[in-house]
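# An overview of the molecular structure
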Amino acid sequence: MKPKHHDIQSQETLQTPYKDYTLSISGLDCPSCASRIEDSLNALPQVSKANVDFNTNTLYLSTSDLSLAKSTIYAIEPQARLTSPQDSTFVDSTQTPQSQKGFVFLESVFIFTLIGIFGLCMGALHLTTFGEQNAPYIYGILAFLYLIAGKPIFLNTLNNLKNKVIFDENFLMLFATIAAFCLGEISEAVAVMLFFRLGEFLESRAVQKSKDSIKALLQVIPTIAHKKAANTENGEILTDLHPSELKVGDCIVVRVGEKIPTDGVVLQGKSYLDMRSINGESVPISVESGQNVIAGAINTSAVLEVRVERVFEDSHIAKIAKLTQEASANKAKTQKAITSFARIYTPIIFVLALLIAFVPPLVLGGDSTLWHEWIYRALVVLMISCPCALVIAVPLGYFASIGYASKLGVLFKGSIHLESLSQVKNIIFDKTGTLTLGNFEVLEVVPSGEYDKDFLISLAVCAESQSTHPIAQSIAKLAPSQNNAWRIKSYEELSGRGVVVRCEKGEILAGNERLMKEKGIQFTPQDIELTMVYVAYNGVYAGCVSVGDRLKNDSVESIQALRRCGVEHFAILSGDNQTQVDRVAKELGITHAYGNLLPQEKAQKLVELMGRWSGKTAFVGDGINDSIVLRRSDVGVSINTGEGGNDISKESADIILQQNSLQSLVNALKIAQHTRKITWQNISFALVSKLFLIVLGVVGVANMWLAVFGDVGVALLALLNAKRPTR
């Protein structure tokens with residue numbers, strides 16, 4: 001009957017639709033707490049996916065039964081608290097900065113008061129006759145200190161035992177100190193508990209500072225908008241509302257010192273915008289009527305009227321915030337390995353401690369003194385061996401780097417991509433807009449046959465007026481002087497080739513050599529180092545337009561910097577003509593350059609190069625036609641050019657460069673390599689130091705005081721090292 005009941009239950013679960021939730025979760029003490037909740041939720045049939053982001057106190061949950069999920073969380077962590085943020089793109093802090101500072105101050109005063117009392121007791125006990133005469137009372141005070149300092153450890157251990165979680169740091173510390181009490185090592189047991197509590201406090205402060213750096217990044221999200229509306233009695237009025245309530249087409253007013261609520265276009269006013277919180281750009285940019293503005297930018301000098309072009313959830317800053325928060329879901333392989341290792345490491349150490357405590361006395365046949373000595377050594381080993389340094393420092397190192405990179409305008413979609421970038425040995429670039437400015441200029445217009453120059457320009461402008469490609473936009477700029485107003489009936493963009501437009505005058509083709517050949521147009525290809533746009537009218541070749549582009553100012557320097565970082569191979573894959581691609585490659589010193597490629601051909605060439613070269617390969621691009629190769633590469637990097645099609649490349653990419661500069665790619669690679677170096681430093685330092693101290697504990701050299709350093713001290717040093725990328 002049970003299997004049948006299970007089948008019915010499964011069918012009911014499948015019939016109930018899953019719903020996505022983004023919840024703030026507070027009250028978690030450590031990453032292992034978050035991991036336990038995540039594992040338990042994912043084990044429920046009513047949950048399709050759960051991810052607990054300890055760094056931002058956020059739970060991402062897809063479930064058909066929210067009540068069951070909540071009860072599961074509270075059973076594991078009774079002190080946890082769930083709240084629903086107003087908007088899924090940001091996390092509410094459970095405490096104001098003032099209340100957090102007050103709590104930190106009181107907690108530190110409390111802990112140091114306990115340590116001070118402990119010091120007085122030890123001084124009285126060992127340095128005065130008063131202590132010798134009143135030893136029972138002093139030991140009573142020490143026991144009281146132990147109970148007060150150990151209260152959180154007692155409660156956590158009890159709760160873990162209820163949830164069948166035994167081998168964690170709380171259990172190990174409680175077991176070791178109680179055993180020390182039984183051995184008569186009261187002062188050492190109290191000291192261990194006090195300094196363990198101090199270490200936990202210092203660790204929580206280090207972790208909180210990293211969380212605060214991410215919250216500071218998310219605080220750039222605007223929270224208020226002034227919507228302008230007409231009123232028959234009082235003229236125009238302003239209504240205050242949350243940016244998420246705005247609709248496309250609404251008119252909003254942005255005052256001096258306020259953030260742009262959502263992406264839009266300036267209708268009236270001229271001002272300077274502070275973009276530092278968006279892309280790290282320190283120089284304010286000037287905006288005026290007709291120019292685009294993005295959410296989160298701070299208006300610094302004059303009032304602006306802005307028309308809403310995107311709803312808030314689709315705005316640039318909302319997407320960045322969402323990606324930043326969800327980055328922890330894509331954990332690095334090293335991070336996952338450490339978490340798995342910690343799960344088996346602690347039980348192994350516990351068994352080792354039992355062997356140390358019982359085997360030598362049994363083999364040697366010793367008396368009570370020998371038993372006391374070996375049990376004490378086992379307790380020392382037990383306290384030294386807590387895996388806190390690895391479990392906390394490794395993920396914190398990745399997250400600190402992700403937060404630091406975000407401040408520089410580099411957005412990693414997960415620590416797995418940060419780790420992958422550190423292993424990149426080959427980088428392949430798109431050309432237009434990535435290596436070059438993408439600001440094309442029309443250099444020459446060459447009509448053919450019976451067509452004159454003005455008519456050829458009219459044809460080209462009509463064909464390219466609907467395209468967002470930089471080359472098309474450079475041609476479309478000729479429109480005002482030509483007063484082109486031909487009505488377009490149909491428009492088709494052929495990726496990697498050009499456009500086919502049908503207007504009131506007939507059919508116009510505008511594109512590269514490949515498009516002309518596909519359509520059977522008779523023409524003579526031009527062999528020059530410029531981008532050529534060939535134009536045909538009603539099946540007859542009408543002429544060509546030559547367009548030029550130039551390298552970005554930092555392209556040459558950035559390629560050299562990437563070489564110094566250890567990148568061995570470079571290549572260019574472009575849809576532009578081979579002659580133009582070769583010219584750019586020559587200027588940059590790149591030996592592998594391929595032009596005239598369609599998006600599918602780019603992907604094929606990428607796979608070919610990846611098979612030829614060792615190491616991971618990154619692709620850097622900016623447009624719609626790069627989305628396939630961005631997904632096929634080991635690491636896809638989208639560079640922000642501000643073009644409409646750039647959104648598609650961002651969705652396909654693993655890393656987003658918010659500045660239109662290759663120097664951001666250099667910064668990203670340096671951060672990734674530095675993070676990998678620090679991660680392995682922490683792993684090596686923690687394992688070697690603990691192994692060394694364990695050996696000292698086994699041979700009887702290390703005592704419980706040194707064991708405290710082996711646990712808390714090593715963890716703190718690893719945490720400080722992990723935070724180095726943020727400096």
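Remember, predicted model here, so these are calculated numbers, not experimental data. (Residues numbered from 1 in each chain as written. Predicted model: local features only at pLDDT ≥ 70, side-chain atom pairs only at ≥ 80, totals over all residues. Heavy atoms only, no water.)

### What about the overall build of the chain?
- Scanning the chain for helices and strands turns up 25 helices and 26 strands.
- A burial count over the chain gives 52% of its 727 residues as buried.
- Here the analysis covers contacts within the chain between residues at least 6 apart in sequence; of these, 67% occur between residues at least 24 apart.
- By element, 56% of the accessible surface of the chain is carried by carbon and sulfur atoms, the whole surface being about 32800 Å². (Helix = DSSP H or I, 4+ residues; strand = E, 2+ residues; numbered from the N terminus. Buried < 20%, exposed > 50% of the residue type's maximum accessible area, 1.4 Å probe, protein only. Contact = heavy atoms within 4.5 Å. Areas by Shrake-Rupley, 256 points an atom, 1.4 Å probe, with all protein chains shown as cover.)

### Considering the side chain of S689
- Assignment of secondary structure puts S689 in helix 24 (residues 663-698).
- Judged by relative accessible area, which is 15%, S689 ranks as buried.
- Here A686 takes part through its backbone oxygen, which lies 3.2 Å from a polar atom of the side chain of S689. (Polar contact = N/O pair within 3.5 Å; in protein donor to acceptor, adjacent residues only side chain to side chain.)

### Brief notes about the pattern of salt bridges
- By the definition in use, this model includes 15 salt bridges.
- With its nearest N and O atoms 3.8 Å apart, the salt bridge here joins K227 to D250. Highlighted residues: K227 in strand 5 (residues 225-231) and D250 in the loop between strand 6 (235-241) and strand 7 (251-254), separated in sequence by 23 residues.
- Residue classification places K227 among the partly exposed positions, given a relative accessible area of 28%.
- Under the relative-accessibility criterion, D250 is labelled buried at 13%.
- A salt bridge links D430 to K602, with the shortest nitrogen-to-oxygen separation between them at 3.2 Å. Here D430, found in the loop between strand 15 (424-429) and strand 16 (441-447), pairs with K602, found in helix 21 (residues 599-612); they are 172 residues apart in sequence, far enough to count as distant. (Salt bridge = Lys/Arg side-chain N within 4 Å of Asp/Glu carboxyl O.)

### Observations concerning the packing of aromatic side chains
- Here the structure, examined in full by the defined rule, presents twelve aromatic pairs.
- Judged by centre distance (5.9 Å) and plane angle (55°), the rings of F455 and W486 are tilted. Placement of F455 in helix 15 (residues 453-464) and of W486 in the loop between helix 17 (479-482) and strand 17 (488-494) is noted, with a sequence separation of 31 residues between them.
- Among the residues examined, F455 registers a relative accessible area of 24% and is labelled partly exposed.
- Among the aromatic residues, ring-to-ring pairing joins Y451, F455, W486 and Y537 into one connected group.
- Over the face of the ring belonging to W374 we find R377, whose NZ or CZ atom lies 4.3 Å from the ring centre. (Phe/Tyr/Trp six-rings, centres within 6.5 Å; stacked < 30°, edge-to-face > 60°. Lys NZ or Arg CZ within 6 Å of the ring centre and 35° of its normal.)

### Some remarks on the UniProt feature "transmembrane region" (unreviewed entry) in the chain
- The positions that UniProt labels "transmembrane region" (unreviewed entry) are, in the present scheme, residues 103-125, 137-154, 174-196, 344-363, 375-399 and 704-722.
- The distance separating the terminal C-alpha atoms of residues 103-125 is 33 Å; by composition the span is 100% helix and 0% strand.
- The distance from the first to the last C-alpha atom of residues 704-722 is 26 Å, and the span holds 100% helix and 0% strand. (UniProt positions renumbered as here; feature names shortened; annotations may be inferred.)

### Side note on the packing of helix 14 (residues 415-422) against helix 24
- Where helix 14 meets helix 24, the axes come as close as 8 Å, and the angle between the chain directions of the two elements is 95°. Judged by the angle between their axes, helix 14 and helix 24 are roughly perpendicular. Between helix 14 and helix 24, the residues in contact are L418, E419, L421 and S422 and A668, L669, I671, A672, Q673, T675 and R676, respectively.
- Here the contact of helix 14 with helix 24 is built from residues that sort into six nonpolar, three polar and two charged. (Axes fitted to C-alpha atoms, helices over the stretch in contact; angles between N-to-C directions. Parallel < 35°, antiparallel > 145°, perpendicular 65-115°, else oblique. Nonpolar A, V, L, I, M, F, W, Y, C, P; charged D, E, K, R; others polar.)

### Concerning the confidence of the model for the chain
- Overall, the prediction assigns the chain a mean pLDDT of 79, with 82% of residues at 70 or greater.
- Scored below 50 in pLDDT, residues 1-14 makes five contacts in the model with residues more than four places away or belonging to other chains.
- The model gives residues 86-97 a pLDDT under 50, and that stretch makes 28 contacts with residues more than four places away or in other chains. (pLDDT = per-residue confidence, 0-100.)

### A few points about the sheet that holds strand 18 (residues 498-503)
- Strands sit in the order 16-21-20-19-18-17 across an open sheet of six strands; the sheet is antiparallel. Whereas interior strands pair on both sides, the edge strands pair on one side only; in this sheet they are strand 16 and strand 17. On average, each strand axis in the sheet is inclined to that of its neighbour by 15°, with strand direction left out of account.
- As paired strands, strand 17 and strand 18 are joined by six bridges and run antiparallel to one another. Opposite L494, over in strand 18, you have G498 as the bridge partner. (Pairing = 2+ DSSP bridges.)

### A look at the environment of V380
- Within the element layout of this structure, V380 appears in helix 12 (residues 368-384).
- Taking the relative accessible area as the measure of exposure, V380 reaches 0% and is therefore buried.
- When the C-alpha atoms of V380 and A176 are compared, they prove to be 7.8 Å apart, with 204 residues separating the residues in sequence.
- Here V380 is in contact with G697, A702, N703, M704 and A707, once residues within four sequence places are set aside.

### Concerning the side chain of T675
- With respect to the helices, strands and loops of the structure, T675 is situated in helix 24.
- A distance of 2.7 Å separates a polar atom in the side chain of T675 from the backbone oxygen of I671.

### Points about the sheet that holds strand 9 (residues 271-274)
- With respect to topology, three strands assemble into an open sheet ordered 10-9-12, the strand pairing being antiparallel. The strands lining the two open edges of the sheet, one partner per strand, are strand 10 (285-287) and strand 12 (298-299).
- Inspection of the sheet shows strand 9 paired to strand 12 by two bridges, in the antiparallel sense. Each bridged residue has a counterpart across the sheet, and for D274 the counterpart in strand 12 is I298.

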